[in-house]
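This is what each chain is made of:
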Amino acid sequence: MTTSRHLIGLLLGTEEDWPRAFEEILRRVGPVEGANGSRHAFDCERITIEPFSLRDRPRYNLVIDRLSYWYHVPREWLKKASLMNGVYMLNSPFTFQSMEKHAAYCAMMRLGLKVPETVLVPFKNPVDNERYAYTAARYNRPFDLDAIAERIGYPLFMKPYDGGAWRGVSRIGNPAELHAAYDQSGEMLMHLQKAVDYDVFARSLSIGAETMVMRFQPDQPMHLRYAVDHDFLSPNVGAEVVTIGRLVNSFFRWELNSCETLVKGGEVYPIDYANACPDVALTSLHYYFPWAIKALVKWCVFALVTERRAKLDLEIDRFFEVGDDPDMTYQEKLDAYGKLADSYFEADRYQDFCQTSLPRIDEIVLDWVAGPDFDRLLIDTVRSTYPAREHDEFIAHLRGLLGLWVRDETTRLHTT
């Protein structure tokens, strides 16, 4: 039987932990059989940055992009490889560069989600363009920042329209804090957004057709922000949070993204759902890290073996037909959005594929996490992340959390 080989490219910044994990699990999975009896093998390679001809044909069949959000050279290579060569991208270089958080807010507001009141305000400092002075003098309208904040209501947040890594985010409780934050914003374009006095902060990490909802504690250090808590949302609220994350991703054709939602009294408020490089670090995800790596491997293998085609056309009218329907209730719209998301992610086909073509992946990941290779990765990651005086503390911390995952996963597999 002929074996089809697929090359996965990793476009990376400073990350080392999850790429090593991804490479190892992909190696352990080995060749995979497709639905028609075909045989598929996978290679993985880290992509280098160099000059490229627009007519060059890339060797990669699929690329996981963790770099182009801030580095323009690979961004343009991704666009070329997507447009000209049909390379499958996680994520689309078009929507993640054009649909910043601002566009995501606008789209989800139209679809009826409970996005807090949000206002875009002009730059504090002039933009670096010689035509600015003329344009500003003739067309810029004076505005009252205090009046805007009063209309939204304190407390509120000031944050960049494109966001990322909590850069430039300020919680504002009074006019003095408002002006101090605005003065510091410089040439960043900022939103003012109503703060929600929430009961629970949930962060949903979505990889392909799968979503993991985690209790998030933004006031804690990074290694404590993701709490291991399996029952912090009611079933109905949990289902709504999952649907919102999957809606966002299917709307924009994103397949590696995180969504932040605030829950207050059973109401779900999405506040941040355009994360081009969602957190998949071992030191922060800890307990949830094995799930993330497993989901990423499964989705990449599924996309390649089934010859899933990347879709550059967003087809957003299908979503707006639902969002604009005045006769549908909020729950009816959520149900309709869930079906659209299932269709985009081929949810049933994906589940069938995982059961038939990747039947041992749970055991493979469990064996790896419980073994010495993973412990070596854990130690290397801690040593490269924290100062020497903290190594023992964080190695013990992560070993404890991953040991808990091993026990829970072992129990799950023995009872299903």
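Higher on the page you've got the structure.
Thresholds applied
- Residues numbered from 1 in each chain as written.
- Predicted model: local features only at pLDDT ≥ 70, side-chain atom pairs only at ≥ 80, totals over all residues.
- Heavy atoms only, no water.
- Phe/Tyr/Trp six-rings, centres within 6.5 Å; stacked < 30°, edge-to-face > 60°.
- Helix = DSSP H or I, 4+ residues; strand = E, 2+ residues; numbered from the N terminus.
- Buried < 20%, exposed > 50% of the residue type's maximum accessible area, 1.4 Å probe, protein only.
- Patch = residues over 30% accessible without salt bridge, like charges linked within 9 Å, V, L, I, M, F, W, Y side chains within 5 Å.
- Areas by Shrake-Rupley, 256 points an atom, 1.4 Å probe, with all protein chains shown as cover.
- Salt bridge = Lys/Arg side-chain N within 4 Å of Asp/Glu carboxyl O.
- Pairing = 2+ DSSP bridges.
- Contact = heavy atoms within 4.5 Å.
- Right-handed = clockwise from strand over helix to strand, strands pointing away.
- Axes fitted to C-alpha atoms, helices over the stretch in contact; angles between N-to-C directions.
- Expected span 1.5 Å × (residues − 1).
- Core = buried A, V, L, I, M, F, W, Y, C linked by side-chain atoms within 4.5 Å.

Below, the discussion takes up the packing of aromatic side chains. Across all of its chains, the model carries 22 aromatic pairs by this definition. Ring plane angle 40° and centroid distance 5.2 Å describe the contact between Trp299 and Phe302, whose orientation is recorded as tilted. Taken together, the residues Trp299 and Phe302, both in helix H10 (residues 289–305) and three residues apart, mark about one turn of the helix. Here Trp299 and Phe302 have matching classes, each one buried. Chaining the aromatic ring pairs together yields one cluster made of Trp299, Phe302, Tyr344, Phe345, Tyr350 and Phe353.

Here the focus is a nonpolar patch on the surface. The grouping of Ile49, Trp70, Tyr71 and Val73 at the surface amounts to a nonpolar patch, some 390 Å² of accessible area in total. Mapped onto the elements of the fold, Tyr71 is located in the loop between strand E4 (62–65) and helix H2 (72–85).

A few words now on the pairing of strand E3 (residues 39–46). Of the strand pairs in this sheet, strand E1 (residues 3–11) and E3 are connected by eight bridges, and their pairing is parallel. Note that in E3 the partner of Ile8 across the bridge is Cys44. Inspection of the sheet shows strand E2 (residues 32–33) paired to E3 by two bridges, in the antiparallel sense. Looking across to E3, one finds that Glu33 is bridged to Arg39. What sits between the antiparallel neighbours E2 and E3 is a turn of five residues, in which Gly37 has the positive phi angle 85°.

Right, let's talk about the pattern of salt bridges for a bit. Going through the model one piece at a time under the given rule, you end up with 31 salt bridges. Ionic pairing is found between Glu15 and Arg66, a salt bridge with its closest N-O pair at 2.7 Å. With Glu15 in the loop between E1 and helix H1 (17–29) and Arg66 in the loop between E4 and H2, this pair connects stretches of sequence that are 51 residues apart. Using a relative accessible area of 18% as the deciding quantity, one classes Glu15 as buried. Of the residues examined, Arg66 reaches a relative accessible area of 7% and is grouped as buried. Linking Glu76 and Lys79 is a salt bridge whose minimum nitrogen-to-oxygen distance equals 3.3 Å.

Summarising the element assignment, Ser258 is placed in strand E13 (residues 256–264). Setting aside its immediate chain neighbours within four residues, Ser258 contacts Arg203, Ser204, Leu205, Asp272, Tyr273, Ala274, Asn275 and Pro278.

Side chains Leu62 and Ile64 of E4 all project onto a buried face; the interleaved residues Val63 and Asp65 project onto the opposite face, where all are buried too. In terms of strand pairing, E1 meets E4 through four bridges, oriented parallel. In the sheet register, Leu11 faces E4, and the bridge partner there is Asp65. As defined by bridge partners, E4 adjoins strand E5 (residues 88–90) across three bridges and the pair is classed as parallel. The residue of E5 that forms the bridge with Val63 is Met89. Crossover E4 to E5 through H2 is right-handed.

Moving on: the sheet that holds strand E14 (residues 267–272). Pairing in this open sheet of five strands is antiparallel, and the strands run E12-E11-E10-E13-E14 from one edge to the other. The open sheet has two free edges, formed respectively by strand E12 (226–227) and E14, since each of these has just one partner strand. Of the strand pairs in this sheet, strand E10 (residues 200–207) and E13 are connected by eight bridges, and their pairing is antiparallel. In the strand pairing of E13, Val200 is matched with Val263. Its contacts with the sheet put helix H8 (residues 235–252) on E10, strand E11 (210–216), E13 and E14, and the angle it makes with E13 is roughly 145°.

Take H1 next. Helix length check: H1, at 13 residues, gives a terminal C-alpha distance of 19 Å against a target of 18 Å (1.5 Å per residue), a fit within 8%. Taken together, the buried positions of H1 are Asp17, Trp18, Pro19, Ala21, Phe22, Glu24, Ile25, Leu26 and Val29. Two residues or fewer after H1 comes Gly30, characterised by a positive phi angle close to 70°.

So, about the sheet that holds E1. Two orientations exist for strands paired in a sheet by backbone hydrogen bonds: parallel and antiparallel. Within the open sheet, the five strands sit side by side as E2-E3-E1-E4-E5. Their pairing is mixed. Each having just a single partner strand, E2 and E5 make up the two edges of the open sheet. The sheet contacts of H1 involve E1, E2, E3 and E4, and relative to E3 the element is tilted by about 160°.

To continue, consider the nonpolar core. Counting residues in hydrophobic clusters, the biggest one holds 70 residues, and the most contacted among them are Trp18, Phe22 and Ile64. No other element matches the 14 residues that H10 contributes to this core. If sequence neighbours within four positions are ignored, Ile64 has contacts with Ile8, Gly9, Leu10, Leu11, Trp18, Phe22, Leu90, Leu256, Leu296 and Cys300. Phe96, Ala104, Ala202 and Val322 belong to the second largest nonpolar core, which has 34 residues in total.

With that out of the way, let us pick up the environment of Ile271. With respect to the helices and strands, Ile271 occurs in strand E14. It is 27 Å that separates the C-alpha atoms of Ile271 and Trp18, two residues lying 253 residues apart in sequence. Sequence-distant contacts of Ile271, that is, excluding residues within four places in its chain, are made with Tyr105, Pro116, Lys159, Gln193, Phe201, Glu260 and Leu262.

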